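The lines below spell out each chain.
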Amino acid sequence: MDRFKKSIGIAVCIGICMQCTYLEYENARGDVGGRILLHNQRGELLEDHSGATIVMDNGMEQYFNESGTDGRFVIEGIPAGTYNIEFSKKNFGSYHHYGMVYPGGPATFWFDQPVMLSQTPQVRIIQLDMEARRFMGMRIFDGRIQIGHNYTGSEHLQFRLFV
């Protein structure tokens, strides 16, 4: 009978220890870090990589931070779990990583490769002049448009539209 009691005691102890290990893993929090590199529309590396937003979403909570001038970021206090991550910056592209399993723990988890974001084209109409006339039952629009780009300045285009 004593042998049976010892066996139950050992089994209960192992079960409790295994439960504790599982709970420690489940509640383990840690930090996630990495680097974002920003490029202009021509693919040239920019000097300032700040202001990119990194959002980690596990479906219940979101954790976020922004990149510094050198592009580095750290998001602190992330619980272990599976996350969808979005890297983005206004007027730049975005990058999504789905289903990243993060184990948590005291050591900072670093992305091994930097995430690259490129500037998106920004075009705006500066001026539009147009004249309309009729010719053989059709409308003809002659015009001139000035378009501004965020990387080449502006250009003038002439056009003729038949409707």
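Before reading further, recall that the structure is shown in the block above.
What you see is a predicted model, and the numbers here were worked out from it, not measured in a lab.

Participant: How should the environment of Ile 78 be read in this particular structure?
Facilitator: Inspection of the secondary structure assignment puts Ile 78 in strand S4 (residues 72-79). Taking C-alpha positions, Ile 78 is 5.9 Å from Asp 31, a pair spaced 47 residues apart along the chain. Those residues in contact with Ile 78 that sit more than four places away from it in its chain are Ala 28, Arg 29, Gly 30, Val 32, Met 56, Tyr 63, Tyr 83 and Tyr 102.

Participant: So what exactly am I meant to see when it comes to the sheet that holds strand S5 (residues 81-88) here?
Facilitator: Sheets are built from strands paired through backbone hydrogen bonds, the pairs being either parallel or antiparallel. With antiparallel pairing, the 4 strands of this open sheet are ordered in space as S3-S2-S5-S6. Strands with a single pairing partner mark the edges of an open sheet, and in this sheet they are strand S3 (62-66) and strand S6 (94-102). Averaged over all neighbouring strand pairs, the angle between strand axes comes to 15°, with direction disregarded. Pairing of strand S2 (residues 53-57) with S3, which is carried by 5 bridges, proceeds in the antiparallel orientation. Within the sheet, the bridge partner assigned to Thr 53 lies in S3 and is Glu 66.

Participant: Sorry if this is basic, but what is going on with the pattern of salt bridges here?
Facilitator: For side chains bearing opposite charge, pairing can occur when the charged atoms are close. Under the counting rule described, the total for this entry stands at 3 salt bridges. Here Asp 70 makes a salt bridge to Arg 72, at a shortest N to O gap of 3.5 Å. Among the residues examined, Asp 70 registers a relative accessible area of 38% and is labelled partly exposed. Of the residues examined, Arg 72 reaches a relative accessible area of 46% and is grouped as partly exposed. One salt bridge connects Arg 160 with Asp 142, and the closest N-O pair in it is separated by 2.5 Å. Of this pair, Arg 160 sits in strand S11 (residues 153-162) while Asp 142 sits in strand S10 (residues 138-149), and the two are 18 residues apart along the sequence.

Participant: Mind showing me how you'd approach a nonpolar patch on the surface here?
Facilitator: Taken together, the side chains of Ile 125, Leu 128 and Met 130 make up a nonpolar region of the molecular surface, amounting to roughly 310 Å² of accessible area. Inspection of the secondary structure assignment puts Ile 125 in strand S9 (residues 123-135). In this structure Ile 125 comes out as exposed when scored by relative accessible area, which is 58%.

Participant: Honestly, the sheet that holds S9 in this entry has me stumped. Any pointers?
Facilitator: Pairing in this open sheet of 3 strands is antiparallel, and the strands run S9-S10-S11 from one edge to the other. On the outer flanks of this sheet lie S9 and S11, each paired with one strand and no other. Across the sheet, the mean angle from the axis of one strand to that of its neighbour is 10°, orientation sign disregarded. Relative to S11, S10 runs antiparallel, the two being bridged by 10 bridges. Directly across from His 149, in S11, lies its bridge partner Gly 153.

Reading the values: rules and limits
- Residues numbered from 1 in each chain as written.
- Predicted model: local features only at pLDDT ≥ 70, side-chain atom pairs only at ≥ 80, totals over all residues.
- Heavy atoms only, no water.
- Helix = DSSP H or I, 4+ residues; strand = E, 2+ residues; numbered from the N terminus.
- Contact = heavy atoms within 4.5 Å.
- Pairing = 2+ DSSP bridges.
- Axes fitted to C-alpha atoms, helices over the stretch in contact; angles between N-to-C directions.
- Salt bridge = Lys/Arg side-chain N within 4 Å of Asp/Glu carboxyl O.
- Buried < 20%, exposed > 50% of the residue type's maximum accessible area, 1.4 Å probe, protein only.
- Patch = residues over 30% accessible without salt bridge, like charges linked within 9 Å, V, L, I, M, F, W, Y side chains within 5 Å.
- Areas by Shrake-Rupley, 256 points an atom, 1.4 Å probe, with all protein chains shown as cover.

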